[in-house]
Amino acid sequence: GEETARGIARERERRGPYTSLVDFLRRTPATLKRPAVENLVWVGAFEGLGLTRRELLWQAGLWLGPESDPRRTGGRDDHPQQELPLEDPHADRAFRNIDDGDRMVAEYRMLRFSTDLHPLSLLWDRLPRDTVPSERLPHLPQRSRVRVAGVVTARQRPSTAKGYVFVLMEDMYGQINVILKPGIYERYRSVVRLEPFLLVAGELRKDGASLNVVAREVIALREGAPVRSGTRPGPRPGAEAESAASPHPGAPEGAPDPPDPFRYLTALRQHSPDAKSWG
């Protein structure tokens, strides 16, 4: 809630930054229950404490206990008390951090956006070789054959557009305008109307500063989608060092391959950004 959030900020301004999760729990009101504390952990509110999110969740469980146990308040009574320097011997147990995919899913679940990851950033190497990022479109010739991918942010079918449909997508670098002619829209109607992540093949049309991709094919990006064949064999730009070992850095010989990044789309489909639709 907004009032509790303001109270947390006021306490931080009055007595300085929170130095640990325990310090945060001692200085904030008991109305901030364990689920809310765990949500703050999941979205990275305690990243500056030097602990992984799993370690912070472990500590939240130690100090607050299960919500189903009414006898445990975790020391979160709203009254002054003498603070004793007591430590829990299990508080410093180490846990590995969550990977980028799980972190992105957690942030989308809470916030409907990620603070530093775009849904396509983990998938780009698995898209077809000819997929073009939005930042390259201005530099391509008129009527170039292109393939673009993105998160759908808006769909529009104006009554005056004679059956044409306009879809606005977003990749890691910016926005992409897609135009679907009536016949193409009818062919891919369910994909265009329902899918949050799209791969579109079409022709680039340039009119001054206006850039549009006139679609000829639309594919839903989802786990199991037929887009893996012909994908880029190498790492994404700037990630050469990450491929120094096989199957992934630090992995022993015979270790399983890293998880398929497309699997995160299944969870993101439930918490994808809201798309505005008209017509």
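Everything discussed here concerns the structure shown above.
Below or above, wherever it landed, is the structure these notes cover. Throughout, a residue's number is its position along its own chain's written sequence, starting from 1. Owing to the predicted nature of the model, reporting of local features is limited to residues with pLDDT of at least 70; listing and counting of side-chain atom pairs is limited to 80 or more, with chain, interface and lining totals taken over all residues. Just so you know, side-chain values use all the structure's heavy atoms and leave hydrogens and water out.

The number of helices and strands found in the chain is eight helices and six strands. Think of it in three bands: residues with accessible area under 20% of the maximum for their type are buried, residues over 50% are exposed, and the middle band is partly exposed, with areas taken using a 1.4 Å probe on protein chains only. When burial is assessed residue by residue, the chain has 41% of its 279 residues classed as buried. Per element, the accessible surface of the chain, about 16,400 Å² overall, is 50% carbon and sulfur. The secondary structure listing takes helices from DSSP runs of H or I that are at least 4 residues long and strands from runs of E that are at least 2 residues long, numbered from the N terminus. In these tables, accessible area is a Shrake-Rupley quantity obtained with a 1.4 Å probe, and a residue counts as shielded only by the protein chains included in the view.

Attention shifts here to the packing of aromatic side chains. Only the six-membered ring of Trp is used, alongside the rings of Phe and Tyr, when aromatic pairs are assigned; centres must lie within 6.5 Å, and planes under 30 degrees apart are stacked while those over 60 apart are edge-to-face, with the rest tilted. Summed over all chains, the structure comprises two aromatic pairs. When the ring of Phe-24 is compared with that of Phe-46, the centres are 5.0 Å apart and the planes differ by 80 degrees; the resulting orientation is edge-to-face. Here the residue Phe-24 occupies a position in helix 2 (residues 21-27), and Phe-46 occupies one in the loop between helix 3 (34-42) and helix 4 (53-64), the gap between them amounting to 22 residues. Phe-46 shares its class with Phe-24; the two are buried. Taken together, the ring pairs connect Tyr-18, Phe-24 and Phe-46 into an aromatic cluster.

Taking 1.5 Å per residue as the helical rise, helix 4 with its twelve residues ought to reach 16 Å, and the 16 Å between its terminal C-alpha atoms agrees with that figure. Taken across its twelve residues, helix 4 has nine buried, putting it largely inside the fold. When we look at burial in helix 4, the residues that qualify are Arg-53, Glu-55, Leu-56, Leu-57, Gln-59, Ala-60, Gly-61, Leu-62 and Leu-64. Gly-65, located one to two residues past helix 4, shows a positive phi value of around 70 degrees. A helix is expected to reach a length of 1.5 Å times the quantity of its residues less one.

Relative orientation and spacing of two packed helices are given, respectively, by the angle between their axes and the distance between those axes. To obtain each axis, a line is fitted to C-alpha atoms, and for helices this fit is confined to the stretch in contact; angles are then taken between N-to-C directions over 0 to 180 degrees. It is at 9 Å that the axes of helix 3 and helix 4 come closest, and there the two elements cross at 165 degrees. Judged by the inter-axis angle, helix 3 sits roughly antiparallel to helix 4. Where helix 3 crosses over helix 4, the two elements pack in a sense that is right-handed. Residue-level contacts link Arg-34, Val-37, Glu-38, Val-41 and Trp-42 of helix 3 to Arg-53, Leu-56, Leu-57, Ala-60, Gly-61 and Leu-64 of helix 4. Note on terminology: angles under 35 degrees are roughly parallel, angles over 145 are roughly antiparallel, angles of 65 to 115 are roughly perpendicular, and the others are oblique. Note: crossing handedness is left-handed where the near helix turns anticlockwise from the far helix by less than a right angle, and right-handed where it turns clockwise. Between two residues, a contact is recorded if the distance between any of their heavy atoms is within 4.5 Å.

Here, nonpolar core means buried Ala, Val, Leu, Ile, Met, Phe, Trp, Tyr and Cys residues that are tied together by side-chain atoms lying within 4.5 Å of each other. By size, the foremost hydrophobic cluster in this structure holds 25 residues, and its most contacted members are Leu-137, Val-167, Met-169, Val-178, Leu-180, Val-200 and Val-218. Of all the secondary structure elements, the ones that give two or more residues to this core are strand 1 (145-156), strand 2 (165-170), strand 3 (175-180), helix 6 (182-187), helix 7 (189-194), strand 4 (197-207) and strand 5 (210-220). The element contributing the most residues to this core is strand 5, with five residues. Leave out the neighbours within four places in its chain, and Val-200 touches Val-146, Arg-147, Val-148, Met-169, Val-178, Val-213, Ala-215, Glu-217 and Val-218. Formed by 18 residues, the second largest nonpolar core is a distinct cluster that contains Met-104, Leu-123, Tyr-264 and Leu-265.

Right, let's get into the pairing of strand 2. Burial of the side chains of strand 2 is restricted to one face: Val-165, Val-167 and Met-169 are buried, whereas none of Phe-166, Leu-168 and Glu-170 on the reverse face is. For strand 1 and strand 2, the ladder comprises five bridges, and the chain directions are antiparallel. Considered in strand 2, the bridge of Val-152 is made with Met-169. What sits between strand 2 and strand 3 in their antiparallel hairpin is a turn of four residues. Strands were regarded as paired on the criterion that DSSP finds at least two bridges between them.

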